[in-house]
Every structure is written in C-alpha cells, then in structure tokens.
Protein chains: 2
Amino acid sequence: MRLELICTGSELIDGRRIDTTTKLLANLFREEGLNVFRVTLVGDRDADIAKALRSSLSQAEIVIVSGGLGPTVDDRTRYAAAEVFRRELVEDADALRELEEKFALFNRPMMDNNRRQCLVPTGARILANPIGTANGFALEEGGKWTIFAPGVPRELELMAREQIIPLIHEQFALKGQVSRVTLKTFGKTESAVDKLLADVELGDVELAFTASFPEIHLTLTAIGASKTIAERKRNKVRALIRRRLEEAIFTEDEREMEEVVGELLNKHGLKVATAESCTGGMVAARLTNVPGSSNYFIEGAVTYRNEAKLSRLGVSEELLAQYGAVSEQVAQAMAVGMRESSGADLAISVTGIAGPEGGTPEKPVGTVFMALASPQGVRTWHDTFRFGDRWRVRTLSAATALNRLRKFLLKWPS
Amino acid sequence: MRLELICTGSELIDGRRIDTTTKLLANLFREEGLNVFRVTLVGDRDADIAKALRSSLSQAEIVIVSGGLGPTVDDRTRYAAAEVFRRELVEDADALRELEEKFALFNRPMMDNNRRQCLVPTGARILANPIGTANGFALEEGGKWTIFAPGVPRELELMAREQIIPLIHEQFALKGQVSRVTLKTFGKTESAVDKLLADVELGDVELAFTASFPEIHLTLTAIGASKTIAERKRNKVRALIRRRLEEAIFTEDEREMEEVVGELLNKHGLKVATAESCTGGMVAARLTNVPGSSNYFIEGAVTYRNEAKLSRLGVSEELLAQYGAVSEQVAQAMAVGMRESSGADLAISVTGIAGPEGGTPEKPVGTVFMALASPQGVRTWHDTFRFGDRWRVRTLSAATALNRLRKFLLKWPS
C-alpha cells in the first residue's frame, strides 16, 4: 500500500515554519503498518496544490492532503481538489447546519466566509471536525482515496485517529504489523558501524542509520503478519547487532546519554563531581539536564585558567610547569583533587585544546586528556579529536567523558 | 526562477525526525530573492529519489537535493543521480586525494566505504565540504542545474552559503541587489517586539521575525536597483527599529551573545567568574564557547548541592537554613563568594528551581535568583520563568545571566 502526504501552506516552504505534520501523521500511520512513501510541501496556490495532487495520485493508493481548508482567501485546497477531480463544489447542507450550531454554541457570529468551509466536491464523504470549523472530506476514484484534512495539528491528529485511520481500515484490508526499535550508539563512526554490521543477515528487516552528532542511531523496522511475528524478526536482528556493537549501544529507547549515566549512578548509590577545562562546564551541564540529578551530582569546577586549577583542585605549580595544563598528569591531578575536595565517589576531569588557537606540533588542536578518579584509583585517557571546529571538539569531548563514565559504571559490581 | 528542494532520508518521512533543512535553505535562498516552490521528502530508496528528481526537473530550473551522500549502504543519492542523468559514476581523483588527506590529518583510518563518497556522475562539478567527508556536486543539463549537498545541517549551511548560492549567482543572472541585516534581540517576547514595531514605516523593506529561543531575530531585506540603493532603504528602517528596541538589540551580525559579552570584557580589561546552581554549568559553557575566552574567563563553580555552596563559595550554613538555597540572599552570597575567592573583577551567580520537581507555592518551578558582584557592589534579580520545561527554564536562565552581564558592561565607563 503506497501512501503519500501533501502538506499545504506557504509558511512551510518560505522559511517561516517547520513542517511538523509529517512526523505526526507518519507516527500514527506506522502503528497501522502504513508507510509514508513521499511527502510534498507546497504553497497556497491552486496550481501547485493541483500539480502535487496529480503527481501523488499517479503513484499512490492513499493521498492525505493537510491544510488549506480554512475560511480565508489563501485557503485553496478545496478549489484544487475540484479541479483535479473535475467535480463541482457544492454546499453540504448537513455541514452548514452543524457549523451554524457550532457558532451559536460558542456564541460567536458566523462570517460569510465560513460558509465556504461547507463547500465540498460532489460525492465527497464529509469528515467532521469536532474541535474546529474546518471539516475534512474524502474522495474515492478508481479505488484510490484522497483525504483532505485541516492543517492545525490538534484538529488533524483527532481527525486522523477517529476518522482517517478507520476509513483506511474500512476501505483497504491492511496487511502486516510493524515493530521498530532504535539503538543509540556512541564511540564509533558511521562508517565503522556500517562495516561492523556489513554481513549481518537482515532478511527483510530494514536497518537505517541516523547521525545525531556525536551519536549514531540505528533503527530496525520489521513487518510481519502479526505484531508477534514482526517483533520476533526485529529481535532476531537486534540480537545480531548487539553482539557486534556491544557496549557501543548505550540505550534502546528515547533516553539521552546523561540519563543512562544518571540511572547507573543511582543504581549503585554513587555520587559524581566534574573538573573541566576545555569543555568549560558542558559535562556538568549535561549531567544536570536530568531532573533529580542532585541525587548524584555533587558539584563541578570549571577551572579554565591555571590559577583555578591550583586553588580549587590543588593541582601543583610544579606539575603545571613541568607538563603543561593540557597533559595526562594534570588531568589526573584535577580528577583526584576534585574527588578529594568534593567528597564525591567519582570525579571526572577534561583538559584539552579546543582551538582554533593554542595548538603545537606535539599537542595539536583537538588534543584532550581525561581522567576518572574512583575508590579504585585513577584512569586516564589521551585523545586527539581532529574532526572539526571548536564546537565539535568540545561537544565530542563532553560526550566522550559521559560515555567513559557510563562504561566505568557498567563494570561496577552490583 | 523556479527552485525546488528534495530532502532525502527515511527518517524524514517515517516519523523519526522533523525536516529542518527546508526552513534553513528557504531562509538562505530568500535572501537572494529566490523562492522555493515545492519541497519533496523521500526515503533512502534509489527509485523514490529518482522519481522525485524527474518530477522536480520537469518544472524547476534549479533543484537542490540534500542528504544521502554518506558512506553507508543507505546513502543512495549519487546512484539515483547517475540513473536520472544517465551518466556513469566515476571516482574523482582530486576528491579522493583530499579525503585521504583529511583522514590522515585527523589520524583516522579511511574505510573502503568512504571511497564511495568520491564517486560522482561524469561531468559533475565538485562542491567541497571543508567540515565533513561528504562532498557535494552539481550537474547541468539543458540549462537547468541540479545540486547535491550533504544533509547534515551545519555542512549543508556552509556549502549553501559558500558554494551553492555563488554557483546560482554565476549561472543565473539574479535581478536586483539585495541588502539584508539581522538584528538579534533578547529580553522581549515576539509579540512585545511586534507591538513596539507596529507603526514603523517599512516602505517596501521586508521585516521577518525568527524566534531562535530564547532570542528573537529580526531580518530586514531591501531590494534595489543597486547595492547602494538597497542598503540605503535597509538602513533607514534599521535606524527606526533601533530607536524602538535600543539595548534589546545585542548584535547586528552573526555573533552570539557570549561573543558580544567577551568583546566587552576584553575592551574594559575585566575578568569574570561564574557560580551556578540550576544552570549547572551552562553559563560557563557559553562563555567558554568563544575562542580566546581564557583572556577573561577565570573559572566557574557548579555548586549544585548545598555542601558545595558552603565549601567552594563560603555561603554560610545560617543563610542556607534561613532563606533556602534558592533565594536572593544565597544568590548574592554565591556571587560575592566567587568574586572574592577567584580574584575576578566580576562574578555572576544563578540559583533556581528548574523543575519539574522542587517547586513550592512561594517558589514555584521557574523561580530563579541571580546576582552580579563587581567592584561597585552587588546587584540581584528575581525572575519567574514559567513558560516551559526544565530545558527552557535552564536555557533562558543562562541566556538572561549573559544578557545582564552585557547590559552591565555597556554602562562600564570606557
């Protein structure tokens, strides 16, 4: 079954507004096993709407058109529909009566232009709009259905749930149920993940990559005759992928990395503190994004200059002079100093050169040292994040620090 | 001139992600006097991309295709292009050499599948991607141009500004000269700004509002027979708007608020430190976004729990017990304590209830206190940011802190 959407509204294509209708409808339809194959965004012009309609009808069995059913002069959808289907627009008597009742109920005068909202192409089936003035309508021709609905998200969603989806079920015997899962990964590039998964037997399960810097998200979609069959297929592929990616997968739901870290800290009853230089507070800001993070986040220090590393974290002048502020030794001293002075169980530190200035041949821009102090001692890491600008180096450094905390906590005895 | 967009990516039509490319490109093109007539969103399938391409080429002179140029198996755009234009895909030697250099520079192994990213249809013009691995390319046929660009917003935006728009200017003689300026404002709502500007004489200068939370950006676009005429028109309206909005305008160029603050600190030779509770390091992270911020940013403390407010900032236990951590008195003590212990000239503090938990009838979620300690003493503020969730309260608090620092610095004697 091929389904297409046409979203009308000049504001969607002239840079004023982002289209949110597609996501809304795609998610509702997906639950019914219906995939959207193409979406067309067009402005409020009869000719453009008509062209889009003809194009979608040439390749889809179901076309949903949103928007352009209001009372104003730039609401053009019904006129485009009349033209494409070569049907006259007629005033629907029932729709008019209901609209008059609505206005009476809301104690508001009905304008002449509201009457236009009762014009539908002959033979259309009216789709009532209980929470607005723009009714929808549906037209059948040659076994294909075209459904016109208002653009206002709340009205559209209600109409989709209560009328459009039942209509599709009634007219088309829908085959197949969908099962989907998204695995969020961190620490491997898109091409590395691709290579690791190259020979995974997917069968007819779809695998899609989405780069959400600095993470790579993998979405598995399986279709089966029943929900159980679809889930079984999906789970089979998920197990294969898990075996390849292991701990690179940090969640299989909507959670952010900092939420995963927070839950691990809570689970083990551990408290954390941060000592940041080049990331300037980004690690602390991410950890405290989570409601209730005061349970496990004690404090953070942004010791950007050497004086602060000395006074706040007790990093010695000798160490700074001998190795430089960006060094394994200083990262280590920062983490240890923070852990001791804060009383936290764990302290993580980041020091590096975010650029664009400050690089040297030995320590180029992107050189970052991290350390994690714990009751078991202290671990350090040396990275060179060379891909990109200051923002990318900092963002990647902060995410890497959280990921190291996560991996450390995964090994914590429960 | 008819321009169409094709945004590829299954995540755009299956409900996972909202399309933001259209808004980004439409705004950039509008500045050049170019309107988008239709946008097509399609999944990562050769046949669907090819169909969309053929359809757009049948009615537009310029077609921009975003996405699907990565190294993975679901990156299908170059194959669809080869099919539609009936051209072979050939490995571009220059592109390959540059990609190899990029990987060498970043000290990362280049995968075989990255080589695919150097395949372009014969006769294509390469569009370099200085901040990613996916080059773009442009194809001419019958006087029409089809331009293929990566889908990653930052890479796409850079390529659009530096290569796509110049290419369009070079190939099509665009009429009229455009003069444009964006005034970034902070501290007033969109409707308040709208009201303040209601009777400003715009003439034929276009005024567009863009909400970029928590800022409101105003873009003035003037078109004239020459650059000078366009600029004169634009400047006339800008002067009128400046008179209404005054200090709410924080910049008239691309700078971020933290860059404006940084330049003011540098100008006056002042150094700053931060003491944050509910914003969890966001103020420090923004200040240190700026290259060279170590000139003026001394340090930051994220004193999330009371213990840290005590030990790091010397906030007294009595004060915390008497007024609570979220109070004017504690904000004041945090700023004063940070200023004294860091040796900075200025210290700014934020303490508040970001929610969703922790609110009380007297101090509901969104209650935030700030203080700014300076050689002249200490100022405090009490806000209630009631609009929105935890993320919005924190983001708005951090931006407000920076804006208060900016307004304070504007009054500093030079």
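In the block above lies the structure referred to throughout.
Below: a short report on this structure. (Residues numbered from 1 in each chain as written. Chains lettered and ligands numbered in written order. Predicted model: local features only at pLDDT ≥ 70, side-chain atom pairs only at ≥ 80, totals over all residues. Heavy atoms only, no water.)

**Some details on the overall build of chain A**
Within chain A, the regular secondary structure consists of 15 helices and 17 strands. Taking 414 residues into account, the globule formula puts the C-alpha radius of gyration at 22 Å, and chain A, at 29 Å, lies well above it. The C-alpha extent of chain A, read off along each of the three principal axes, is 90 × 50 × 40 Å. Burial status across chain A gives 56% buried among its 414 residues. (Helix = DSSP H or I, 4+ residues; strand = E, 2+ residues; numbered from the N terminus. Rg over C-alpha atoms; globule rule 2.2 N^0.38 Å. Buried < 20%, exposed > 50% of the residue type's maximum accessible area, 1.4 Å probe, protein only.)

**Points about helix α2 (residues 21-30) of chain B**
Burial analysis of α2(B) places nine of its 10 residues in the buried class, the great majority of the element. Every buried residue belonging to α2(B) is among B:Thr21, B:Thr22, B:Lys23, B:Leu24, B:Leu25, B:Ala26, B:Leu28, B:Phe29 and B:Arg30, and all of these are buried.

**What to know about the interface of chain B and chain A**
At the junction of the two partners, chain B supplies 75 residues and chain A supplies 81 residues. Contact with chain A buries area across many residues of chain B, yet B:Arg16, B:Arg305 and B:Arg312 alone supply 11% of it, more than any other trio. The interface formed by chain B and chain A holds six salt bridges in total. At the junction of chain B with chain A, the criterion picks out 43 residue pairs in polar contact (both at pLDDT 80 or more). Ranked by residues supplied to the side of chain B that touches chain A, first place goes to strand β2 (residues 36-42) of chain B with seven residues. Per-class residue counts for the side of chain B that touches chain A are 27 nonpolar, 25 polar and 23 charged. (Contact = heavy atoms within 4.5 Å. Buried area = accessible area lost by both parts, 1.4 Å probe. Salt bridge = Lys/Arg side-chain N within 4 Å of Asp/Glu carboxyl O. Polar contact = N/O pair within 3.5 Å; in protein donor to acceptor, adjacent residues only side chain to side chain. Nonpolar A, V, L, I, M, F, W, Y, C, P; charged D, E, K, R; others polar.)

**Remarks on the pairing of strand β7 (residues 136-141) of chain B**
Residue and element names in this part refer to chain B. Relative to β7, strand β6 (residues 125-127) runs antiparallel, the two being bridged by three bridges. Bridge pairing in β7 links Arg-125 to Ala-138. Looking at chain direction, β7 and strand β8 (residues 144-149) are connected through five bridges and run antiparallel. Pairing of Phe-137 across the sheet is with Phe-148, part of β8. Here β7 folds back onto β8, and the loop between the two strands holds two residues, one of which, Gly-142, carries a positive phi near 60°. (Pairing = 2+ DSSP bridges.)

**Details of the nonpolar core**
Core analysis: the largest hydrophobic core is formed by 57 residues, its most contacted members being A:Phe29, A:Ile64, A:Ile147, A:Ile164, B:Phe29, B:Ile64 and B:Ile164. For B:Ile164, the residues in contact, after removing those within four places along its chain, are B:Phe29, B:Ile64, B:Leu127, B:Ile147, B:Ala149 and B:Met159. (Core = buried A, V, L, I, M, F, W, Y, C linked by side-chain atoms within 4.5 Å.)

**Side note on the pattern of salt bridges**
A full pass over the atoms with the stated rule returns 47 salt bridges over all chains. Its salt-bridge partner being A:Arg115, residue A:Glu91 comes within 3.0 Å of it at the nearest N-O pair. A residue pair is termed long-range when its members are at least 10 positions apart, and A:Glu91 in strand β4 (residues 89-91) and A:Arg115 in helix α6 (residues 112-115) qualify at 24 residues. Assessed through its relative accessible area of 37%, A:Glu91 is described here as partly exposed. Owing to a relative accessible area of 37%, A:Arg115 belongs among the partly exposed residues under this scheme. Between B:Asp94 and B:Arg97 there is a salt bridge, and its shortest N-O distance comes to 3.1 Å. In this pair, B:Asp94 and B:Arg97 are both assigned in helix α5 (residues 93-105), three residues apart and thus about one turn of the helix distant. In this structure, a network of salt bridges that share partners links the residues A:Arg2, A:Glu4, A:Arg38, B:Arg45 and B:Asp48.

**Remarks on the packing of α2(B) against helix α7 (residues 153-171) of chain B**
Residue and element names in this part refer to chain B. Viewed as axis vectors pointing N to C, α2 and α7 meet at an angle of 30°, and their least axial separation amounts to 11 Å. Judged by the twist between their axes, the crossing of α2 over α7 is right-handed. In contact with Thr-21, Leu-24, Leu-25, Leu-28 and Phe-29 of α2, α7 contributes Pro-153, Leu-156, Glu-157, Ala-160, Arg-161, Ile-164, Ile-165 and Ile-168. (Axes fitted to C-alpha atoms, helices over the stretch in contact; angles between N-to-C directions. Left-handed = near helix turned anticlockwise from the far one by under 90°.)

**Digging into unusual backbone geometry**
Of the consecutive residues B:Phe213 and B:Pro214, the connecting peptide bond is found in the cis state with omega at 0°. A cis amide bond links B:Gly355 to the next residue, B:Pro356, at an omega of 0°. Within the secondary structure, B:Pro356 sits in the loop between β15 (346-352) and β16 (367-374). With a phi angle near 50°, A:Arg86 is a residue other than glycine that sits in the positive phi range. Counting through the fold element by element, A:Arg86 comes out in the loop between α4 (77-85) and β4. With a relative accessible area of 75%, A:Arg86 lands in the exposed category. One non-glycine residue with positive phi stands out, namely A:Glu246, at about 45°.

**Thoughts on the pairing of strand β13 (residues 272-276) of chain B**
All names here are of chain B. Along β13, five of the five residues are buried, which leaves the element largely enclosed by surrounding structure. Burial of β13 is two-sided: the residues Val-272, Thr-274 and Glu-276 facing one way and the residues Ala-273 and Ala-275 facing the other way are all buried. Two strands pair when backbone bridges link them, and β13 and strand β14 (residues 297-302) are joined in this way by five bridges, in the parallel orientation. Bridging across to β14, Ala-275 finds its partner in Ala-301. For the crossover that starts at β13, traverses helix α11 (residues 282-287) and ends in the parallel β14, the hand is right-handed. Where β13 and β15 come together, five bridges link them in parallel fashion. Bridge pairing in β15 places Glu-276 opposite Val-350. (Right-handed = clockwise from strand over helix to strand, strands pointing away.)

**Things to note about the packing of aromatic side chains**
Residue and element names in this part refer to chain A. All chains considered together, the criterion is met by eight aromatic pairs over all chains. Seen in terms of ring centroids, Phe-137 and Phe-148 are 4.6 Å apart; in terms of plane orientation they differ by 20°. Their pairing is stacked. Of this pair, Phe-137 sits in strand β7 (residues 136-141) while Phe-148 sits in strand β8 (residues 144-149); the two residues are 11 residues apart in sequence, bridging distant segments of the chain. The class of Phe-148 is buried, set by a relative accessible area of 0%. Judged by centre distance (5.7 Å) and plane angle (35°), the rings of Phe-213 and Trp-391 are tilted. Of the two residues, Phe-213 sits in the loop between β10 (206-212) and β11 (215-224) while Trp-391 sits in helix α15 (residues 390-410), which places them 178 residues apart along the sequence. On the basis of relative accessibility, which here comes to 40%, the residue Trp-391 falls in the partly exposed class. Just above the ring of Phe-213 sits the side chain of Arg-392; from NZ or CZ to the centre is 4.1 Å. (Phe/Tyr/Trp six-rings, centres within 6.5 Å; stacked < 30°, edge-to-face > 60°. Lys NZ or Arg CZ within 6 Å of the ring centre and 35° of its normal.)

Shape descriptors only; they carry no functional weight alone.
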